[in-house]
Amino acid sequence: MLPSRFEYHRPDSLEEALHLLAEYGDEAKVLAGGQSLIPVMKLRLAAPAHLVDIGRLGLEAIAEADGRLAIGALARHRDLERSDLVRDRYPVMAAAAPLISDPIVRNLGTIGGSLCHADPAGDWGSVMLALRGSVVLRSERGERELAISEFLQDTFTTALEPDEILTEVRVPQPAGPFGGTYLKLERKVGDFATVAAALHLSLSDGTIESAGIGLTAVASKNLQAEDAEASLAGAEPTEAAFAEAGRLAAEASSPVTDVRGSAEYKRHVVDVYVRRGLARALEMARAA
Amino acid sequence: MQITVKVNGADRGADVEPRMLLAHLIREEFGLTGTHVGCDTTSCGACTVLLDGRPIKSCTMFAVQADGREVTTVEGLLQDGQLHPIQAAFKQEHGLQCGFCTPGMMLTGWALLAENPTPSEDEVRWAISGNICRCTGYMNIVKAIQAAGRDMATGTAETADATAAS
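Residues numbered from 1 in each chain as written. Chains lettered and ligands numbered in written order. Predicted model: local features only at pLDDT ≥ 70, side-chain atom pairs only at ≥ 80, totals over all residues.

1. Let's talk about the interface of chain B and chain A
Counting residues at the interface gives 22 residues for chain B and 22 residues for chain A. The element contributing the most residues to the side of chain B that touches chain A is strand β4 (residues 54-57) of chain B, with four residues. Tallied by class, residues from the side of chain B that touches chain A come to seven nonpolar, 10 polar and five charged. (Contact = placed C-beta atoms within 7 Å. Helix = DSSP H or I, 4+ residues; strand = E, 2+ residues; numbered from the N terminus. Nonpolar A, V, L, I, M, F, W, Y, C, P; charged D, E, K, R; others polar.)

Given below as structure tokens:
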């Protein structure tokens, strides 16, 4: 199908873009890579009267500063996939990026767009939960930073106000020996995840300082397995500890039975992936 | 909205609705029907074109987004009546049956070879994982892309007999 009619705006600056959003409010949607928005518009599940194209505003830098990684909202999945900085210091992101959709979609899709789309089956949301990431939201009224756990509210629902643009994603620099990964079960490349898990471990004197566990496609939004994380904080990184974390994470999940599998199967995969992912994270942290 | 897109090296203008898809601009406005609309759900990659050298799915981009940018379609591979090495390789290695996925496969393959002239089988399969083929089982597509890579890297005429457009 074709989208319904809309007015297209391609502002030359962020200020102009913010002004357009202030003017058109909830009649407008921001167009970044379009790899989620355009399919939704073609199905007419969304029919914004105005599109504000921010694709050429240059918001795509990936750099470390002030104790954190700052990623421009327009950084394409492919840019993150190929970033040496991400590969060397943010293994959860490095593991997730190549698994998002397919290589052609990754040439256009953006991390900012993905987070704003807030599909519970979206990958970056889980990664950012595991890494305690945050987002910077700008409007003509000012700027605010929100933890990703506050930003992602519900299925396709975020804290983004109609006059706001997500301009930057921030990830704290990892502490101590660290390791992490992203495990994704999908029927084929390009399919949404059946289940996926983002795992991150920071060690201190051989014990777990902190753990991050973000789960994809097992709840109404990306899920932070808080009980599982808490069970690992301060603990010895043993197989038993990981098994308990897996059990808690599976318990916290509420997947639905659908074409990709039964709820019971998906919960089982959560358990397996959390245990497996934590073991990999530990191996990586010890090798560091 | 008036837009100008450089298509296969030549500036083309059109007056389009913002909601016109790039795939339809290419096929219906510009008459270049080598780019195919397969699934319309961003899954199959039959609509793949190169945007500023990078493969993108033209069914998932609005024509207006390509204003002022460069698009390469499968028609842009032919040079002065000579098949591009990637086309010659697909012919030589029988990398197609019905041909519906082939323009997308060749453009994606070419973009891969521009970065990696000697890809392994796994690297080719990874690069084309956004392009679906229902006919071939992919084996000859992989061989064709690798053969084209060898041709382009070494300049040897592995597929020379196939280069004349017939």
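From this point, the narrative continues.
2. A look at unusual backbone geometry
Notably, Ser-101 of chain A is not glycine yet its phi reads approximately 45 degrees, a positive angle. By the secondary structure assignment, Ser-101 of chain A is in the loop between α5 (91-96) and α6 (103-106).

3. Section: the nonpolar core
With 87 residues, the main nonpolar core has Val-92, Val-127, Ala-197, Ile-213, Ala-249, Val-270 and Val-274 of chain A as its most contacted residues. The element contributing the most residues to this core is helix α12 (residues 263-287) of chain A, with eight residues. Setting aside chain neighbours within four positions, we find Val-274 of chain A in contact with Ala-197, Leu-199, Ile-213, Ala-228, Ala-245, Gly-246 and Ala-249 of chain A. Within the second largest apolar cluster, 55 residues are counted, among which are Leu-32, Leu-50, Val-71 and Leu-107 of chain B. (Core = buried A, V, L, I, M, F, W, Y, C linked by C-beta atoms within 7 Å. Buried ≥ 20, exposed ≤ 12 C-beta atoms within 10 Å, placed from the backbone.)

4. Considering the domain arrangement of chain A
Accessible area lost when the parts come together is the quantity often used to give the size of an interface. Residue and element names in this part refer to chain A. Domain boundaries in chain A define domain 1 (7-50), domain 2 (62-172) and domain 3 (178-287). A straight line from the C-alpha centre of domain 1 to that of domain 2 covers 19 Å. Residue-level contacts link 13 residues of domain 1 with 19 residues of domain 2. With five residues, helix α1 (residues 14-24) is the largest single contributor of residues to the side of domain 1 that touches domain 2. Among the residues making up the side of domain 1 that touches domain 2, the classes are represented as six nonpolar, six polar and one charged. (Domains from an automatic or database assignment.)

5. Examining the sheet that holds strand β3 (residues 50-53) of chain A
Two strands in a sheet stick together by hydrogen bonds in their backbones, pointing the same way (parallel) or opposite ways (antiparallel). All names here are of chain A. Pairing is parallel in the open sheet, where three strands are placed in the order β1-β3-β2. Two strands in the sheet have a free side with no partner beyond their single neighbour: β1 (7-9) and β2 (28-31). In this sheet, adjacent strand axes meet at a mean angle of 25 degrees when their direction is disregarded. Direction of pairing for β2 relative to β3: parallel, over a ladder of four bridges. Among the inter-strand pairings, Lys-29 is bridged to a residue of β3, identified as Leu-51. Lying over the sheet, α1 contacts β1, β2 and β3, oriented at roughly 165 degrees with respect to β3. (Pairing = 2+ DSSP bridges. Axes fitted to C-alpha atoms, helices over the stretch in contact; angles between N-to-C directions.)

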